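Each chain is listed here by its residues.
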Amino acid sequence: MRISRRRFMKLTSEVSACALASAFISPKSLTANEKTAKDKRPNILFILSDDHSAPYLGCYNHPDLKTPNLDSIAADGARFNRAYTTAPQCVPSRASLMTGRSAVDIRMTRFTAPLPADIISFPEILKKAGYYTGLVGRTYHLDSPYYKSEPEVSRRVFEKHNLRTFARRVDYIKDGADKDNVASITEFLDNVPEGRPFFLQLGFSDPHRPWEAKDYEPNPNSITIPETMPDVPSVRTDLAAYYGEIQRLDGNIGQILEIIDKRGLKDSTMVVFMGDNGAALIRGKGTLYEYGLNVPLLIRWPGHIKPSTVCDVLISGEDIAPTFLEAAGVSALKEMTGISFMNAIRGKPFEGHKYVFAERGSHASLLPTDTAAFDLGRCVISKRYKLIYNALWQLPYEPVDMWKNPMWEDLKRRHDEKTIDPKFSKVLFAEQRPMFEVYDLEKDPYEFNNLAGTSEFAEVENKLKEALQEWMILNQDYLPLPIKSR
Ligand SMILES: [Ca+2]
């Protein structure tokens, strides 16, 4: 059985926060326990999963995934269908989440870069405003992600120049595995000084590869294969393993929500769940396609969001910081290019971005042996269309985090033997990629039909290139601009 992406994301008769101003619930209705104005500032719990594309949750109408806990966040609050990270990889995306700026602007396009000390992150602003702040669980990635396994020379440089900054930026830091998150959040909450609101970023490793949640996997033969992938046994096995990790994640999230609710913090806490970038599936993580950038974004904030709100506005990873700052009653920095989507959350009219942008750079601590390790690309997304600019168009596609992966090896073999649908051979195994790709996301949500260079869509392509040109100039981008001189 196949299912279209459109069906995954289809709006039902649920309320659109963007359209209905009447959906706004006055904060007055929830101030039964009226205290001082300062006390009304919400706690913010920001939960990040690792490598998670938007349709892969029950609440995005996925036909196979059972994710009741995450679905409950959407049911109690809002689900955003078009949230895009600013990069299809952990580090640059998380850097944007933390700073409200593009990874290019803040010099974070090399995966192992530490966030420069002069770049201010929003938790620092919250801390200054009186919040107790913490980073817990899956590493926040921004003191150099693999610091412990970095080569000795890098470690020496980090020490010599004092490049690890996050212990100074927040009150509480604790790296840990997913199984440790309950203990860590408990300790964090115990440490919150009385009378102060908290901000906590809680990271999960699931569903990052390797996929090992065997006990949570559905039967590979019974799952639905999306149109982005050939329906062959190796794909089924791989995808079922991905679903297993998501279903395990959901159980862990349930434990976290239970802690918040049992402590009586439900009404005073804005719970936000988001993927840090898309899934490590083919044409996912590491690419500027939808599966690389379009992530789940769910927000629960009782009394402020009408239950089962669904929102289709374009959201960028850059918008998280200014939105959290507005929720806390603090001004965003002028350097922040993200915009607060608090009006969308509250059901007020909200236009949002005309365009959102993303970049692809180096990956992990790898030498540039293929485009999984090193690729250079930019992308601009409008409400309907997307333009991808492959600066290393001469090189073929190689999926990220899939070295010696049995599924990918199987697809390569099938391509060589010509037993794979040619439409997959074309997009996965071409010797070179196009420099420009343009997709109509409404008609072609799986991005198979490249419209770049066609006369019919020349105006669309030019408009997108102009928007990207402007963004690249303003971000001091080091790549050649997409519109050349005569
Ligand atoms: Ca990630």
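Residues numbered from 1 in each chain as written. Predicted model: local features only at pLDDT ≥ 70, side-chain atom pairs only at ≥ 80, totals over all residues. Heavy atoms only, no water.

## Side note on the coordination of the calcium ion
- Here the calcium ion is held by Asp50 (OD), Asp51 (OD), Cys90 (SG), Asp276 (OD), Asp276 (OD) and Asn277 (OD1), and the distances to it run 2.2 to 2.6 Å.
- Coordination geometry of the calcium ion: the six donor atoms subtend angles of 52 to 164 degrees at the metal centre, consistent with an arrangement described as irregular.
- For the calcium ion, the single-chain donor residues occur in sequence as D-D-x38-C-x185-D-N. In this pair, aspartate 50 is assigned in the loop between strand S2 (43–49) and helix H2 (68–76) and aspartate 276 in the loop between strand S8 (269–275) and helix H9 (290–293), connecting sequence segments 226 residues apart.
- A relative accessible area of 0% means that aspartate 276 is categorised as buried. (Donors = N, O, S within 2.8 Å, 3.2 Å for Na, K, Ca; no water. Tetrahedral: all angles 85-135°; square planar, octahedral: opposite > 155°, others 65-115°. Helix = DSSP H or I, 4+ residues; strand = E, 2+ residues; numbered from the N terminus. Buried < 20%, exposed > 50% of the residue type's maximum accessible area, 1.4 Å probe, protein only.)

## Considerations on helix H12 (residues 406–416)
- Turning to H12, its buried residues are Met407, Trp408, Asp410, Leu411 and Arg414. Buried residues of H12, viewed axially, fall in a sector of 160 degrees; they line one side. Every exposed residue of H12 that faces more than 90 degrees away from the buried side is listed here: Pro406 and Asp416.
- Elements in contact with the buried residues of H12: helix H8 (233–262) and helix H13 (422–429).
- Residue asparagine 405 occupies the N-cap position of H12, its side-chain oxygen lying 2.8 Å from the main-chain nitrogen of methionine 407.
- One or two positions beyond H12, positive phi appears at lysine 418, with a value near 60 degrees. (Arc of directions from axis to C-beta. Contact = heavy atoms within 4.5 Å. Polar contact = N/O pair within 3.5 Å; in protein donor to acceptor, adjacent residues only side chain to side chain.)

## Thoughts on the domain arrangement of the chain
- By the assigned domains, the chain splits into domain 1 (17–348) and domain 2 (358–474).
- For domain 1 versus domain 2, the distance between C-alpha centres works out to 26 Å.
- In this assembly, 44 residues from domain 1 lie in contact with 40 residues from domain 2.
- When domain 1 packs against domain 2, close to 3,300 Å² is buried across both sides, 60% of that on carbon and sulfur atoms.
- On the domain 1 side of the contact with domain 2, Ile282, Arg283 and Leu288 bury the most area, a combined 21% of that side's loss.
- Taken together, the links from domain 1 to domain 2 amount to two salt bridges.
- Glutamate 290 is the salt-bridge partner of lysine 386, the closest N and O atoms lying 2.9 Å from each other.
- Summed over the shared surface of domain 1 and domain 2, the number is 17 residue pairs in polar contact (both at pLDDT 80 or more).
- Elements with a minimum of two residues in the side of domain 1 that touches domain 2: strand S3 (78–84), H8 and H9.
- Taken together, the residues that form the side of domain 1 that touches domain 2 break down as 22 nonpolar, twelve polar and ten charged. (Domains from an automatic or database assignment. Buried area = accessible area lost by both parts, 1.4 Å probe. Salt bridge = Lys/Arg side-chain N within 4 Å of Asp/Glu carboxyl O. Nonpolar A, V, L, I, M, F, W, Y, C, P; charged D, E, K, R; others polar.)

## Here's the deal with the packing of aromatic side chains
- According to the stated counting rule, one finds 20 aromatic pairs in the structure shown.
- A centroid spacing of 4.7 Å and a plane angle of 40 degrees characterise the contact between tryptophan 211 and tyrosine 242, whose relative ring orientation is tilted. Residue tryptophan 211 is located in the loop between strand S6 (198–203) and strand S7 (225–226), and its partner tyrosine 242 is located in helix H8; the two are separated by 31 residues in the primary sequence.
- Judged by its relative accessible area of 10%, tryptophan 211 falls in the buried class.
- Taking the centre distance of 5.0 Å and the plane angle of 20 degrees together, the rings of tryptophan 408 and phenylalanine 429 count as stacked. Of the two residues, tryptophan 408 is situated in helix H12 and phenylalanine 429 in helix H13; the sequence distance between them amounts to 21 residues.
- Cluster of aromatic residues (ring-pair linked, three or more members): Tyr56, Trp211, Tyr242, Tyr243 and Tyr291.
- We note arginine 169 situated over the ring of phenylalanine 166; from NZ or CZ to the ring centre the distance is 4.8 Å. (Phe/Tyr/Trp six-rings, centres within 6.5 Å; stacked < 30°, edge-to-face > 60°. Lys NZ or Arg CZ within 6 Å of the ring centre and 35° of its normal.)

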